[in-house]
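# Chains, contacts and geometry: an overview
Given next are the chains, with one letter for each unit.
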Amino acid sequence: MYRYLATGGTFVALSLYFARGESTVRKIIRETTEIIWNVLKDIHMPVPTQDQFKHIADRFELLWNLPNCIGALDGKHIRIEKCPHTGSENFNYKHFHSTVLMACCDADGLFTIIEPGFAGRNSDGGIFKACAMNYWMTHGGFNIPSPSSLRHDESNTPFPYYFVGDEAFPLSRNLLRPYSSRTLDNTKRIFNYRLSRGRKSIECVFGMAAEKFAVLNGPIRCRDPTTVNDIIKSACILHNFVRKREGIEYRPHDTAQMNETAEVPTNIRVRDISIHEGSSATTLRNYLANYFLSPRASLPWQWKFAVPEGNTE
């Protein structure tokens, strides 16, 4: 079974290698992947508690300079063999059949929440709207901590904890997305850069998991959707298992540089924005964008990487 997850081979190849019938190999993989998930999920991928969310937020700020962030969201298309009687249901915009894994990760390269099995023809935004993760987020299913002030915010105004996603996701109080690339000024460019530092975590997790378990690169040659989901879930939970035991811990590259007070360029306009308990998601995003412009919250290099040279907008 581990050989199958690591190589992504076919059941026929495994049956020839181990001198067992193809149906026997298929049954072993189906049963073992289900057991691996059921045994390890509560140990290596439990639903985070409030204290664990706060620890995740601390790590996002320490490593990626993104305060109050409790997870990065994204979907991954995993190539599969066309299932019977599905038509074009799983045929995606990349022109192959896939199933979508919707996942959330922490700042250290570990999956915290996964939800596989969505049809490949759907967009990330449409999938998120229908998934249980969104329902828990909007109906209080997660133990998200109460709002707390940002570390370098002189007003000490409580700011909600939030997840981050790309432009495909909706904007809400607990889910922030980048500003549209069509209406960018320098303040929005800085915000998008700072958000991307945390958002890239989920892309790195997908990459690390696929490097360990080539089955995630597909195609998964199994026509039973339940077994396909069990294969994906077992690969994700084993990624967490391996990373916790043998992975290299992320560390800030230059702590001294991060503690420097950055000089805000004169062409950057800092707006006076206030928030309260009932503030809209748009106002919260603008407030955080404004916070990233303050001297203590700025990164010394963010102006170089986010703002085009000579741009005064």
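Here the structure is a predicted model, which is why all the values come from computation and not from measurement.

### As for the overall build of the protein chain
Counting its regular elements, the protein chain contains 11 helices and 7 strands. Scaling as 2.2 N^0.38, a compact globule of 313 residues should have a C-alpha radius of gyration of about 20 Å, and the protein chain matches this with 22 Å. Projected onto its principal axes, the C-alpha coordinates of the protein chain cover approximately 70 × 40 × 40 Å. Per-residue burial for the protein chain yields a buried fraction of 50% across its 313 residues. Long-range pairs, those at least 24 residues apart, make up 67% of the contacts in the protein chain between residues at least 6 apart in sequence. When the accessible area of the protein chain is evaluated, it comes to approximately 15800 Å², of which 49% is carbon and sulfur surface.

### Side note on the environment of C104
Mapping C104 onto the fold places it in strand β2 (residues 98-105). A C-alpha to C-alpha distance of 38 Å links C104 and R20, two positions 84 residues apart in sequence. Leaving out residues up to four positions away in the same chain, C104 has contacts with G71, A72, L73, L110, F111, T112, I113, M133, F163 and I202.

### What to know about the sheet that holds strand β7 (residues 175-176)
Pairing between the strands of a sheet is mediated by backbone hydrogen bonds and can be parallel or antiparallel. With mixed pairing, 5 strands are arranged side by side in an open sheet as β3-β2-β1-β6-β7. Looking along the sheet, the strands with just one partner apiece sit at the ends: β3 (111-119) and β7. The pairing of strand β1 (residues 69-79) with β2 spans 8 bridges and is antiparallel. For A72, the partnering residue across the bridge sits in β2 and is C105. Sheet strands touched by helix α4 (residues 50-64): β1, β2, β3 and β6 (162-164). Its angle to β1, the strand with the most contacts, is close to 85°.

### Description of the environment of F91
Here F91 shows up in the loop between β1 and β2. C-alpha separation for the pair F91 and N122, spaced 31 residues apart in sequence, amounts to 9.1 Å. Sequence-distant contacts of F91, that is, excluding residues within four places in its chain, are made with F96, H97 and R121.

### Quick look at the packing of aromatic side chains
All told, the structure shown has 14 aromatic pairs when counted by the stated rule. Between the aromatic rings of F53 and F163, the centroid separation amounts to 6.2 Å while the plane-to-plane angle is 85°, which identifies the pairing as edge-to-face. One end of the pair, F53, is in helix α4; the other, F163, is in strand β6, with 110 residues separating them in the sequence. Here the two residues F53 and F163 agree in accessibility, since each one is buried. When the ring of W64 is compared with that of Y250, the centres are 5.8 Å apart and the planes differ by 70°; the resulting orientation is edge-to-face. With W64 in helix α4 and Y250 in the loop between α8 (225-246) and α9 (255-258), this residue pair connects regions lying 186 residues apart in the sequence. Residue classification places Y250 among the partly exposed residues on the basis of a relative accessible area of 22%. Among the aromatic residues, those joined into a cluster by ring pairs are F53, W136, F142 and F163. It is R79 that lies over the ring of F96; its NZ or CZ is 4.0 Å from the centre. Here the basic side chain of R243 rests over the ring of Y250, its NZ or CZ set 4.8 Å away from the ring centre.

### What about the UniProt feature "domain: DDE Tnp4" (unreviewed entry) in the protein chain?
Those places that UniProt annotates as "domain: DDE Tnp4" (unreviewed entry) correspond, in this numbering, to residues 73-240. Taken end to end, residues 73-240 is 34% helix and 20% strand, and its two terminal C-alpha atoms sit 16 Å from one another.

### A few points about the side chain of S234
Along the polypeptide, S234 turns up in helix α8. Overall, the relative accessible area of 0% leaves S234 in the buried class. In terms of polar contacts, S234 uses its side chain to reach the backbone carbonyl oxygen of I231, at 2.8 Å.

Rules behind the numbers
Residues numbered from 1 in each chain as written. Predicted model: local features only at pLDDT ≥ 70, side-chain atom pairs only at ≥ 80, totals over all residues. Heavy atoms only, no water. Helix = DSSP H or I, 4+ residues; strand = E, 2+ residues; numbered from the N terminus. Rg over C-alpha atoms; globule rule 2.2 N^0.38 Å. Buried < 20%, exposed > 50% of the residue type's maximum accessible area, 1.4 Å probe, protein only. Contact = heavy atoms within 4.5 Å. Areas by Shrake-Rupley, 256 points an atom, 1.4 Å probe, with all protein chains shown as cover. Pairing = 2+ DSSP bridges. Axes fitted to C-alpha atoms, helices over the stretch in contact; angles between N-to-C directions. Phe/Tyr/Trp six-rings, centres within 6.5 Å; stacked < 30°, edge-to-face > 60°. Lys NZ or Arg CZ within 6 Å of the ring centre and 35° of its normal. UniProt positions renumbered as here; feature names shortened; annotations may be inferred. Polar contact = N/O pair within 3.5 Å; in protein donor to acceptor, adjacent residues only side chain to side chain.

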